[in-house]
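Observations on chain architecture
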Amino acid sequence: MENNGLLFIPDISGFTRFVNEIEIEHSRHIIQQLLEVLINANNTGLEISEIEGDAILFYKFGQPLALEAIYKQVEEMFCAFHRHLNAYDNRRICQCKACVSAVDLTLKVITHYGEFATYNVKNFSKLIGRDVIIAHQLLKNDIDKHEYWLVTAPLLQETPPAELAQWMTWDSSAKQTETGTIPFHYTQLTQLRNELPAEPDPQQELAGMARMVSVTKEYDVDIKTLAFTVVHFEFRHQWQVGIRTIDEVEHFLPGIGSRHRHVLDNGQQVMMRISSFAYNPEKKIIFSETEEKRKHSTYFVIEKVNEQRSRLSIEFYIQKNPLRQLLFGLGEKSKMEKRLRQSLQNLEPVVQQMVLPLEF
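Below you will find a few notes about this structure. (Residues numbered from 1 in each chain as written. Predicted model: local features only at pLDDT ≥ 70, side-chain atom pairs only at ≥ 80, totals over all residues. Heavy atoms only, no water.)

Taken in spatial order, the 7 strands line up as 10-16-15-14-13-12-11 in an open sheet, and their pairing is antiparallel. Strands at the two margins of the open sheet, each flanked by one partner only, are strand 10 (209-219) and strand 11 (243-247). Within the sheet, the average angular offset between the axes of one strand and its neighbour, ignoring direction, is 25°. As defined by bridge partners, strand 13 (residues 269-280) adjoins strand 14 (residues 284-291) across 8 bridges and the pair is classed as antiparallel. Across the sheet, residue I274 finds its bridge partner in strand 14, namely E289. Contacts from helix 8 (residues 322-331) reach strand 10 and strand 16 (309-319), with the element oriented near 125° to strand 16. (Pairing = 2+ DSSP bridges. Helix = DSSP H or I, 4+ residues; strand = E, 2+ residues; numbered from the N terminus. Axes fitted to C-alpha atoms, helices over the stretch in contact; angles between N-to-C directions. Contact = heavy atoms within 4.5 Å.)

Next up, the structure:
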């Protein structure tokens, strides 16, 4: 029995279409995060043999786990996977096809028990054996939907138990291979995804904030090009007065709640959070960032004038406080307004030269 064990393969469905049809760098990062979510959801002591692009080959030597324990592991990974995607979809600001369609990815899990062995290649422990091949062959089957749990006969020889979950229904099929027929049972996992609670709204409201400055300018570009230029941090230093650079210190793909750092021309550093994002390119796009301690917020409101013309308003807010509002009005307001108006002027040549990526 020392070479017998469980093979457990969670496989991301939709991955091939995902990387073939959409922006590769963002899709790479999204898949990387999802694989990390699956690894972090491992609570049954599974070992990792290798990561195979869109799947992870887990294994565990010894007697097979009880079917209920295996299901609990499947449930944990499946729900963690979709919670992450739902949260990402609720917080993302990027509108490329990779980010927009990430929420449509899903997961299938192959579980098989058999004989295999390990061998080492430098620091990597790899698996070898007929049952490893069988487990991988089962990834390609005739099941129509691609979010299911598949269990082979060595783990489930009789009728699947009904007590695992009330909603669960089982079907049976078989995989024809060059070495014979591999019977298996499977159950769809869609119900687990449907039962996940809705993600809380991550948007920060303006309650407690007072608008102190508002400036506006129109540009002869479409709303998507203007929004792309304004929202993406890598262009900000080219037009906003006082900003030397913006570092994305927390997240490769920034979203609502993620932090970034403004490095100012005077050397000062200010930690900011993305506090809101609303995307309606037929009418209005709103993006805001708020100082980490909520001392001030800046709202960028991009409005569609017509197909080839759009308007940007920059609104600056501070915490409501009569004395602070009075002092700001006396000493800072005119200087702030002047800087923001100059920023709008600086944006003109930048946005005119901007080429919107095909994926947006």
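Position of A80 among the secondary structure elements: in helix 3 (residues 67-91). Residue classification places A80 among the buried residues on the basis of a relative accessible area of 13%. Separated by 275 residues in the primary sequence, A80 and V355 have C-alpha atoms spaced 37 Å apart. In contact with A80, not counting residues within four places along its chain, are V37 and A41. (Buried < 20%, exposed > 50% of the residue type's maximum accessible area, 1.4 Å probe, protein only.)

For T187, the position within the fold is in strand 9 (residues 180-188). Residues T187 and E147, spaced 40 residues apart in sequence, show a C-alpha to C-alpha distance of 8.8 Å. With sequence-adjacent residues up to four places away left out, T187 is seen in contact with Y148, W149, W167, M168, T169 and W170. A polar contact is formed between the side chain of T187 and the backbone oxygen of T169, at a distance of 2.7 Å. (Polar contact = N/O pair within 3.5 Å; in protein donor to acceptor, adjacent residues only side chain to side chain.)

Next up on the list: the pattern of salt bridges. Evaluated as defined, the whole model comprises 20 salt bridges. Of the charged contacts, one joins K126 and E50 as a salt bridge, the two residues approaching to 3.0 Å between their closest N and O atoms. Taken as a pair, K126 in strand 6 (residues 124-128) and E50 in strand 2 (residues 47-51) lie far apart in primary sequence, 76 residues in all. Note on K126: relative accessible area 23%, which makes it partly exposed. The salt bridge involving E292 is made with R259; its shortest N-O contact spans 3.2 Å. Of the two residues, E292 is situated in the loop between strand 14 and strand 15 (296-306) and R259 in strand 12 (residues 259-264); the sequence distance between them amounts to 33 residues. Residue class for E292 comes out partly exposed when judged on its relative accessible area of 33%. (Salt bridge = Lys/Arg side-chain N within 4 Å of Asp/Glu carboxyl O.)

Counting through the fold element by element, S288 comes out in strand 14. The spacing of S288 and L67 is 221 residues in sequence and 49 Å in space, taken between C-alpha atoms. Looking at S288, its side chain comes within polar contact range of the side chain of S275, at 2.6 Å. In terms of polar contacts, S288 uses its side chain to reach the side chain of S276, at 2.5 Å.

Let us now look at a nonpolar patch on the surface. Together, Y119, V121, F124 and I128 line one region of the surface with nonpolar side chains, adding up to about 400 Å² of accessible area. Where the nonpolar patch is concerned, the elements lending two or more residues are strand 5 (117-121) and strand 6. (Patch = residues over 30% accessible without salt bridge, like charges linked within 9 Å, V, L, I, M, F, W, Y side chains within 5 Å. Areas by Shrake-Rupley, 256 points an atom, 1.4 Å probe, with all protein chains shown as cover.)

Turning our eyes to something else, we now look at the side chain of H262. Mapped onto the elements of the fold, H262 is located in strand 12. Within polar-contact distance, the side chain of H262 engages the side chain of E289 at 3.3 Å. Those residues in contact with H262, other than ones at most four positions away along the chain, are R236, I243, T245, I246, Q268, Q269, V270, M272 and E289.

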